[in-house]
Amino acid sequence: MWRILKQIAKNGIRSEAPPEFSDELRVEAERIQHELLDILGQALSIRQVDAGSCNGCELEINALNNPCYNIEGLGIRFVASPRHADMLLVTGPVSRHMALALRRTYDATPDPKLVVAVGDCGCDGGIFGESYASCGRVANVIPVDLAVPGCPPPPFEILRGILTAVRRCRAPSSKSRIAD
């Protein structure tokens, strides 16, 4: 134990500096919160579903809850039940074992529901593609409203994808599902 403490004293704490915040970011956060309330009339509730990912995307989604992004303060929250969700945030290539569970989760989510596929695996199957063990992309199992590519996508891009899907919800005629 003393060896570890000496090493910490010698090396110091190694971490990144926190991001710089400005009044512009605070104003942008308030605008996002008002826009969400105008479109939905309530806070956005998201059910996150891991359909077979490596957990890289989950780490980035988890970062949205830290003080830097503070999505709870924007009126976006994660819920444990699809019955309370407005949106499904799905990661990973859908494994054959998760296909039925994902369909049931989709069916349990009340209308109107939004689905956002996160990460390269959710968007197009990633390095796994379609095989005996994988259905491939999320759109092969349930309808997808928006895809956020990246391996893994940074938290800001995930947030941008969530907000884009909500904005599309405003005009039902412009709502487009990913085809193919």
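Structural data are supplied above this passage.
Anyway, here's the lowdown on the structure attached to this text. (Residues numbered from 1 in each chain as written. Predicted model: local features only at pLDDT ≥ 70, side-chain atom pairs only at ≥ 80, totals over all residues. Heavy atoms only, no water.)

Moving on to the packing of aromatic side chains. Tallied over the full model, the rule gives zero aromatic pairs. The ring of Tyr-106 carries Lys-113 above its face, with NZ or CZ at 4.2 Å from the centroid. (Phe/Tyr/Trp six-rings, centres within 6.5 Å; stacked < 30°, edge-to-face > 60°. Lys NZ or Arg CZ within 6 Å of the ring centre and 35° of its normal.)

With that settled, the discussion passes to the pairing of strand E5 (residues 114-118). Counting buried residues in E5 gives five out of five residues, a clear majority hidden from the surface. Side-chain alternation along E5 places Leu-114, Val-116 and Val-118 on one buried face and Val-115 and Ala-117 on a second face that is also buried. Two strands pair when backbone bridges link them, and strand E3 (residues 87-91) and E5 are joined in this way by five bridges, in the parallel orientation. What sits directly across from Leu-88, in E5, is Val-115. In this sheet, strand E7 (residues 146-148) lies alongside E5 in parallel orientation, the contact comprising three bridges. Looking at E7, one finds that Ala-117 is bridged to Ala-147. (Buried < 20%, exposed > 50% of the residue type's maximum accessible area, 1.4 Å probe, protein only. Helix = DSSP H or I, 4+ residues; strand = E, 2+ residues; numbered from the N terminus. Pairing = 2+ DSSP bridges.)

Before going further, it helps to spend a moment on the sheet that holds strand E2 (residues 76-78). The strand order E2-E1-E3-E5-E7 describes an open sheet built from five strands, whose pairing is parallel. On the outer flanks of this sheet lie E2 and E7, each paired with one strand and no other. On average, adjacent strands in this sheet sit at an angle of 25 degrees to one another, irrespective of strand direction. Both strand E1 (residues 44-50) and E2 contribute to a ladder of three bridges, which runs parallel. Among the inter-strand pairings, Ser-45 is bridged to a residue of E2, identified as Arg-77. Taken strand by strand, helix H3 (residues 56-63) contacts E1, E2, E3 and E5, and its axis lies near 140 degrees from that of E3. Packed on one face of the sheet, helix H4 (residues 96-108) meets E1, E3 and E5 and runs near 170 degrees to E1. (Axes fitted to C-alpha atoms, helices over the stretch in contact; angles between N-to-C directions. Contact = heavy atoms within 4.5 Å.)

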